[in-house]
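# Structural overview for review
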Amino acid sequence: MAIVFGTDFSEHASVAALAAAALARRMGEPLHLVHVLDLGSAVSSATLVDAMRREVSARLEQQSGELRKRGIEVKGHLLDGAPDEVLVELAMQVHASLIVLSHHGQRAPRWRIGSVADRVVQAARCPVLVLKAPQPIESWAAGLRSLRLLLGLNFSGPSDAAVAWVRRMRALGPCEVIAAHHYWGADAHARYGLPLSPEAEVTPEAEQALRRDLTARLGDMPGSGSVWVHLQPGLGRPSEALVQLARKEAVDLVVVGTHQRSGTSKLWHGSVSQTVLHDSPSSVLCVPASAAMMRTIPHLRRVLAPTDLSELGSGGVRHAYSLAPAGGTVHLLHVLSPPAGAPPVGTGYVLPEPTSADERAERERLSTELRALIPPEATLRGITSRIELITGRKVSEAICQAAERLDCDVICLATHGRSGLTRALAGSVAQEVLLNGTRPVFIVRPPRDE
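Computed from a prediction, not measured in an experiment: that's the story for all the values here.

Another aspect to go through is the overall build of the chain. Helix and strand counts for the chain stand at 17 helices and 16 strands. At a minimum sequence separation of 6, the contacts of the chain that also span at least 24 residues come to 80%. Taken as a whole, the chain presents about 22100 Å² of accessible surface, with 53% of it coming from carbon and sulfur.

The structure is reproduced here in structure tokens:
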């Protein structure tokens, strides 16, 4: 592993090089100091090109020598081509864990933020650190201070990769972490199948569920320094909210994951990392999903077992208990159609308290049928069973929302195994859960007729 630092020998790049060197020493990795000659057709004289190479080589060796005095291994590279392409290619060749760029002082137009930095972030397989204020990073890497981080947190793969890198940084030195999540209140309620409130944009139940899931996504944070989740509801862009929070909290570094979108996908979805890279007052670390540092084995705690109380659905429940560990919980779920006259919005809601004797009797009957599906050995294995009766116009959506609301680790679902025209006509709850849900799904197929 190594760190690649692109320099243009400007004053700001020289200051940033000290931060890159401090990071290399802290991480125990060599530093590759790179200057790229992007001459194109601007220089036609071979003599002039040779003179430029000798001058640049001397400056590169001088800067490399100064950085070696800091107790690190430094390798200088004078390369030709487009700077962004050369940096990304070299990073892959040396198996770089990090590419570092300075923000100000670049002399060639291609080195300005919005050109080289953008393209490097777009193409690199490793994280890219753009230093706008190098001194806090250098002091932290030297063990002289704590680092104040703002982490963009959501439910995506790039966000998970960014979280993994924050864990790595906290293992290297103390970091205070603000994990910020910007969201639309209506989306949060739809995610968990919770009814909206006319009094508030976000209900306490939705906020509590979001905080629970995002805190779980952070996982165990090593090292020292406070860690807290900042929830910010609103209709604006997440990138703008991150930039505003970075200014308000005076953070040293903003860490964001990047989808590395391009073309029409980038225009349609936008780019949080690009906006933060341009507008953040602090240094920015952009982490692609491919740079995830941890590969942990998932631990199952809660299993959702939806059933329509048919023979096939009951078979799926048995498999749900086979997935649950000792001390785990199986949520037996049955989805009912909404009562007549129910409002047209919302689905997956927990049933309100019954208002009539008939409703109480029907609910007790359903609960009894669900309890009858609990295998006798479940208690002996220490598995807890929970009965969940909810209402939903679309069964698949209600199942997905229940999985989010109950924080289930896996959905165990029986399927009729329909295909072709039969599936097109009858639909497939299992298929819709697979396509639209975010939780892993264990599919139980029906036995084949011999």
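Glancing now at the pattern of salt bridges. A complete count under the given rule lists 23 salt bridges for this structure. Its salt-bridge partner being Arg365, residue Glu362 comes within 2.7 Å of it at the nearest N-O pair. Of this pair, Glu362 and Arg365 both sit in helix H13 (residues 357-371), 3 residues apart, which is roughly one turn of the helix. The salt bridge involving Glu369 is made with Arg365; its shortest N-O contact spans 2.4 Å. One end of the pair, Glu369, and the other, Arg365, are both in helix H13, 4 residues apart, so they sit about a helical turn from each other. Connected through salt bridges with shared partners, the residues Arg191, Arg212, Asp213, Arg301, Arg302, Glu404, Asp407, Asp409 and Arg439 form a single ionic network.

It is worth spelling out the packing of aromatic side chains at this point. Working definition: an aromatic ring pair is given by the centre-to-centre distance plus the angle between the planes. Taken as a whole and assessed by the stated rule, the structure comprises 0 aromatic pairs. In this structure, Arg168 packs its charged tip against the face of Trp165, placed 4.9 Å from the ring centre.

The next thing to look at is the environment of Ser102. Here Ser102 is to be found in strand S4 (residues 96-102). Classification of Ser102 as buried rests on a relative accessible area of 7%. Separated by 90 residues in sequence, Ser102 and His12 place their C-alpha atoms 6.9 Å apart.

Let us look at the pairing of strand S6 (residues 147-152). For S6, the buried fraction is high: 6 of the 6 residues fall into the buried class. Residues Leu147, Leu149 and Leu151 line one face of S6 and the alternating positions Arg148, Leu150 and Gly152 line the opposite face, and both faces are buried. Note that S6 and strand S7 (residues 175-183) share 6 bridges and pair parallel. In the strand pairing of S7, Leu147 is matched with Cys175. Crossover handedness for the path S6 to helix H6 (residues 157-172) to S7: right-handed. Two strands pair when backbone bridges link them, and S6 and strand S9 (residues 253-258) are joined in this way by 3 bridges, in the parallel orientation.

Here we come to the environment of Ser283. Relative to the helices and strands, Ser283 is located in strand S10 (residues 283-288). Here Ser283 falls in the buried class, since its relative accessible area comes to 0%. Taking C-alpha positions, Ser283 is 4.7 Å from Leu131, a pair spaced 152 residues apart along the chain. Once you skip the residues sitting within four places of it in the chain, Ser283 turns out to touch Val130, Leu131, Lys132, Ala133, Asp252, Leu253 and Val254. Polar side-chain contacts of Ser283 include one of 3.2 Å to the backbone nitrogen of Ala133.

Moving on to helix H11 (residues 272-279). For H11, the complete set of buried residues consists of Ser273, Val276 and Leu277. Relative to the axis of H11, the buried residues are bounded by an arc of 100 degrees and lie together on one face. Of the surrounding elements, those touching the buried residues of H11 are helix H4 (116-123), strand S5 (128-131), helix H9 (238-249), S9 and S10.

So, on to the side chain of Glu138. One can find Glu138 in helix H5 (residues 134-141). Residue Glu138 is classed as buried on the basis of its relative accessible area, which comes to 18%. Excluding anything up to four places from it in sequence, Glu138 contacts Leu18, Ala19, Ala22 and Arg70.

Attention now goes to the nonpolar core. With 57 residues, the main nonpolar core has Leu31, Leu149, Leu151, Met169, Leu253, Val255 and Leu285 as its most contacted residues. Ranked by residues supplied to this core, first place goes to helix H1 (residues 11-27) with 9 residues. Excluding its chain neighbours within four sequence positions, the residues that come into contact with Leu151 are Ala162, Val163, Val166, Val177, Ile178, Ala179, Ala180, Leu218 and Val255. Val36, Ala96, Ile99 and Leu242 belong to the second largest nonpolar core, which has 35 residues in total.

Of all 5 residues that make up strand S11 (residues 302-306), 4 are buried, and the element is covered over most of its length. Pairing of S11 with strand S12 (residues 329-336) involves 5 bridges; the strand directions are parallel. When the sheet's bridge partners are listed, Arg302 is paired in S12 with Thr329. Crossover connection from S11 via helix H12 (residues 311-323) to parallel S12: handedness right-handed. Here S11 pairs with strand S15 (residues 410-414) via 2 bridges, running parallel. Bridge assignment links Leu304 to a residue of S15, and that residue is Ile411.

Our focus in this paragraph is the side chain of His331. Looking at the secondary structure, you find His331 in strand S12. What His331 contacts, discounting residues up to four positions off in sequence, is Arg302, Val303, Leu304, Ala305, Arg386, Glu388, Leu406 and Cys408.

Before going further, it helps to examine H5. Most of H5 sits out of view: 6 of its 8 residues are buried. Where H5 is buried, its residues meet H1, S5, S6, H6, S7 and S9.

As a packed pair, helix H15 (residues 395-405) and helix H17 (residues 429-436) sit with axes 9 Å apart at the nearest point and diverge in direction by 45 degrees. On the basis of the axis angle, H15 is oblique to H17. Note that H15 runs across H17; the crossing there is right-handed. Counting all contacts with H15, which are made through Val395, Ser396, Ile399 and Cys400, the residues of H17 involved are Val429, Glu432, Val433 and Asn436.

Definitions and limits used
- Residues numbered from 1 in each chain as written.
- Predicted model: local features only at pLDDT ≥ 70, side-chain atom pairs only at ≥ 80, totals over all residues.
- Heavy atoms only, no water.
- Helix = DSSP H or I, 4+ residues; strand = E, 2+ residues; numbered from the N terminus.
- Contact = heavy atoms within 4.5 Å.
- Areas by Shrake-Rupley, 256 points an atom, 1.4 Å probe, with all protein chains shown as cover.
- Salt bridge = Lys/Arg side-chain N within 4 Å of Asp/Glu carboxyl O.
- Phe/Tyr/Trp six-rings, centres within 6.5 Å; stacked < 30°, edge-to-face > 60°.
- Lys NZ or Arg CZ within 6 Å of the ring centre and 35° of its normal.
- Buried < 20%, exposed > 50% of the residue type's maximum accessible area, 1.4 Å probe, protein only.
- Pairing = 2+ DSSP bridges.
- Right-handed = clockwise from strand over helix to strand, strands pointing away.
- Polar contact = N/O pair within 3.5 Å; in protein donor to acceptor, adjacent residues only side chain to side chain.
- Arc of directions from axis to C-beta.
- Core = buried A, V, L, I, M, F, W, Y, C linked by side-chain atoms within 4.5 Å.
- Axes fitted to C-alpha atoms, helices over the stretch in contact; angles between N-to-C directions.
- Parallel < 35°, antiparallel > 145°, perpendicular 65-115°, else oblique.
- Left-handed = near helix turned anticlockwise from the far one by under 90°.

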